[in-house]
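Given next are the chains, with one letter for each unit.
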Amino acid sequence: MYLAIILLLMFVLPLGSVVAEAQWGTDANLVFMIGKWFVFWGVGLRLLVASLKQIVNPAFTAETIFGITDHKAQPLVQEIGFGNLSIGMLGLLSFFEPQWIVPAAVTGCLFFGLAGLKHLLEPGKNRSRTIAMVSDLWLFFVLAFYLSAAFFQNA
């Protein structure tokens, strides 16, 4: 189930949204559509879903992602969930306020890049952590591409 949600939120839905918007013949350019949809789905909805899981069921993240079974870690996971909720809301709200796409992309790019690097450097990754690492690094590179392309278009 975890892999299916990640695939939907990080690949299928953002790419499908870019293709669908391009088919509608909007005036938006491809770089803007990539930023808009990967921020909405990847940063916004992915972190919103993760945050709700971390806040309501912190044991899942503690045990499945980090391999920590000590219940004392659960309040810390819930606080991580509050941070993810905040970043996720910025990503979601950028859909309604396009000027927020770049700030949400910068925030998401930093978050996913650092999280992906942390997962990459950890020895002995389990399946869930490997999925998190690959998807985090994927979104980091997509957002870095978007931000660099947007910067050079406006320079």
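Residues numbered from 1 in each chain as written. Predicted model: local features only at pLDDT ≥ 70, side-chain atom pairs only at ≥ 80, totals over all residues. Heavy atoms only, no water.

What about the layout of surface pockets?
Roughly 670 Å³ of internal volume is contained in the largest pocket. Lining the largest pocket are 30 residues, and of these Tyr2, Ala50, Gln54, Thr61 and Ile65 lie nearest its centre. Looking at the lining of the largest pocket, the elements that each hand over two or more residues are helix 1 (2-23), helix 2 (30-56), helix 3 (58-65), helix 4 (74-93), helix 5 (101-121) and helix 6 (127-154). If you tally residues by element for the lining of the largest pocket, the top one is helix 2, at six residues. Within the lining of the largest pocket, the residues separate by chemical class into 21 nonpolar, four polar and five charged. (1 Å grid on protein atoms, 1.4 Å probe; cavity = no way out; pocket = protein on both sides within 12 Å on 5 of 7 lines; lining within 4 Å. Points joined across faces, edges and corners; volume = space filled by probe spheres on them. Helix = DSSP H or I, 4+ residues; strand = E, 2+ residues; numbered from the N terminus. Nonpolar A, V, L, I, M, F, W, Y, C, P; charged D, E, K, R; others polar.)

Observations regarding the pattern of salt bridges
Summed over the entire model, instances satisfying the criterion amount to four salt bridges. With its nearest N and O atoms 3.0 Å apart, the salt bridge here joins Arg46 to Asp136. Remark: Asp136 occurs in helix 6 and Arg46 occurs in helix 2; sequence separation between them is 90 residues. The same class applies to Arg46 and to Asp136, which are both buried. A salt bridge links Glu122 to Lys118; the shortest N-O distance between them is 2.7 Å. Residue classification places Glu122 among the partly exposed residues on the basis of a relative accessible area of 21%. (Salt bridge = Lys/Arg side-chain N within 4 Å of Asp/Glu carboxyl O. Buried < 20%, exposed > 50% of the residue type's maximum accessible area, 1.4 Å probe, protein only.)

A short note on the packing of helix 1 against helix 2
Contact geometry of helix 1 with helix 2 gives a least axis separation of 9 Å together with a crossing angle of 155°. On the basis of the axis angle, helix 1 is roughly antiparallel to helix 2. Between helix 1 and helix 2 the crossing geometry is right-handed. Along its contact with helix 1, which presents Tyr2, Ile6, Leu9, Met10, Leu13, Pro14, Leu15, Ser17, Val18, Glu21 and Ala22, the element helix 2 presents Leu30, Met33, Ile34, Lys36, Trp37, Phe38, Trp41, Gly42, Leu45, Arg46 and Val49. Its residues assigned to classes, the contact of helix 1 with helix 2 shows 17 nonpolar, two polar and three charged. (Axes fitted to C-alpha atoms, helices over the stretch in contact; angles between N-to-C directions. Parallel < 35°, antiparallel > 145°, perpendicular 65-115°, else oblique. Left-handed = near helix turned anticlockwise from the far one by under 90°. Contact = heavy atoms within 4.5 Å.)

Here's the deal with the side chain of Lys36
Inspection of the secondary structure assignment puts Lys36 in helix 2. Once residues within four sequence positions are removed from consideration, Lys36 is found in contact with Glu21, Phe95 and Ile101.

Notes on the nonpolar core
Of all hydrophobic cores here, the largest spans 30 residues; its most connected members are Val43, Leu139, Leu143 and Tyr146. At the level of secondary structure, the elements contributing two or more residues to this core comprise helix 1, helix 2, helix 4, helix 5 and helix 6. Leave out the neighbours within four places in its chain, and Tyr146 touches Val31, Phe32, Ile34, Gly35, Ile101, Val102 and Ala105. (Core = buried A, V, L, I, M, F, W, Y, C linked by side-chain atoms within 4.5 Å.)

Things to note about helix 6
For helix 6, spanning 28 residues, the distance from its first C-alpha to its last is 41 Å, which sits close to the expected 40 Å at 1.5 Å a residue. The distance from a side-chain oxygen at the start of helix 6 to the backbone nitrogen of Ser128 is 3.3 Å, and the residue carrying that oxygen is Asn126. (Expected span 1.5 Å × (residues − 1). Polar contact = N/O pair within 3.5 Å; in protein donor to acceptor, adjacent residues only side chain to side chain.)

Brief notes about the packing of helix 2 against helix 4
The geometry of helix 2 relative to helix 4 is characterised by a closest axis approach of 7 Å and an angle of 155° between their N-to-C directions. Our classification of the angle between helix 2 and helix 4 gives roughly antiparallel. Taken as a pair, helix 2 and helix 4 cross one another with a handedness that is left-handed. From helix 2, Val39, Phe40, Val43, Gly44, Leu45, Leu47, Leu48, Ser51, Gln54 and Ile55 reach across to helix 4, where they touch Val77, Gln78, Ile80, Gly81, Phe82, Asn84, Leu85, Ile87, Gly88, Met89, Gly91 and Leu92. Here the residues of the contact of helix 2 with helix 4 are counted per class, giving 14 nonpolar, eight polar and no charged.

Read these as layout, nothing more, since geometry by itself doesn't imply function.
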